[in-house]
Amino acid sequence: MFLHMSIKRSGFPFEVRNPQLNAETILAMQETEQIITDYKKGSRMQKSFADAGEMFAAMDAEDESERNDE
């Protein structure tokens, strides 16, 4: 179907453009870049977890705390 529509339209059958990122996405990307940079410099997570369940519980608590701050 993609090939058929591409031939019919003489190009992509959809608009190609740069994504418009919202502030939350940009902040998450910056945070990720900082984590990667810190990791490459030898820094590790500030807290370790016994298992994934403990990690997710900590993340949920952090999210709840952030919601209460708003």
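Here the structure is shown first, and the text comes after it.
Since we're looking at a predicted model, the values are computed, not measured. (Residues numbered from 1 in each chain as written. Predicted model: local features only at pLDDT ≥ 70, side-chain atom pairs only at ≥ 80, totals over all residues. Heavy atoms only, no water.)

> Run through the environment of Ser 6, naming residues and quoting values.
Examined against the element boundaries, Ser 6 turns out to sit in helix H1 (residues 2-9). Along the chain, Ser 6 and Ser 65 lie 59 residues apart, while their C-alpha atoms are 49 Å from each other. If near-sequence neighbours (up to four positions away) are discounted, Ser 6 is found in contact with Gly 11, Phe 12 and Pro 13. (Helix = DSSP H or I, 4+ residues; strand = E, 2+ residues; numbered from the N terminus. Contact = heavy atoms within 4.5 Å.)

> I'd love a proper account of a nonpolar patch on the surface, names of residues and values included.
Taken together, Phe 2, Phe 12, Phe 14 and Val 16 make up a surface patch of nonpolar side chains, about 460 Å² in accessible area. Among the structural elements, Val 16 can be located in the loop between H1 and helix H2 (23-40). By relative accessible area, Val 16 is classed as exposed at 58%. (Patch = residues over 30% accessible without salt bridge, like charges linked within 9 Å, V, L, I, M, F, W, Y side chains within 5 Å. Areas by Shrake-Rupley, 256 points an atom, 1.4 Å probe, with all protein chains shown as cover. Salt bridge = Lys/Arg side-chain N within 4 Å of Asp/Glu carboxyl O. Buried < 20%, exposed > 50% of the residue type's maximum accessible area, 1.4 Å probe, protein only.)

> Go over the environment of Asp 38 with me, naming the residues and quoting the values.
By the element assignment, Asp 38 lies in helix H2. Here Asp 38 falls in the partly exposed class, since its relative accessible area comes to 29%. A distance of 2.8 Å separates polar atoms of two side chains, one belonging to Asp 38 and the other to Gln 34. (Polar contact = N/O pair within 3.5 Å; in protein donor to acceptor, adjacent residues only side chain to side chain.)

> Lay out a negative patch on the surface in plain terms, naming residues and giving numbers.
A contiguous patch of negative charge on the surface is contributed by Glu 31, Asp 60, Glu 62, Asp 63, Glu 66 and Asp 69. In terms of residue count, the dominant contributor to the negative patch is helix H3 (residues 52-69) (five residues). Mapped onto the secondary structure, Asp 69 falls in helix H3. (Lys, Arg positive; Asp, Glu negative; His and termini not counted. Charge placed at Lys NZ, Arg CZ, Asp CG, Glu CD.)

> Account for unusual backbone geometry, naming residues and giving values.
A positive phi angle, near 60°, is found at Ser 10, a position not held by glycine. As for its position among the elements, Ser 10 is in the loop between H1 and H2.

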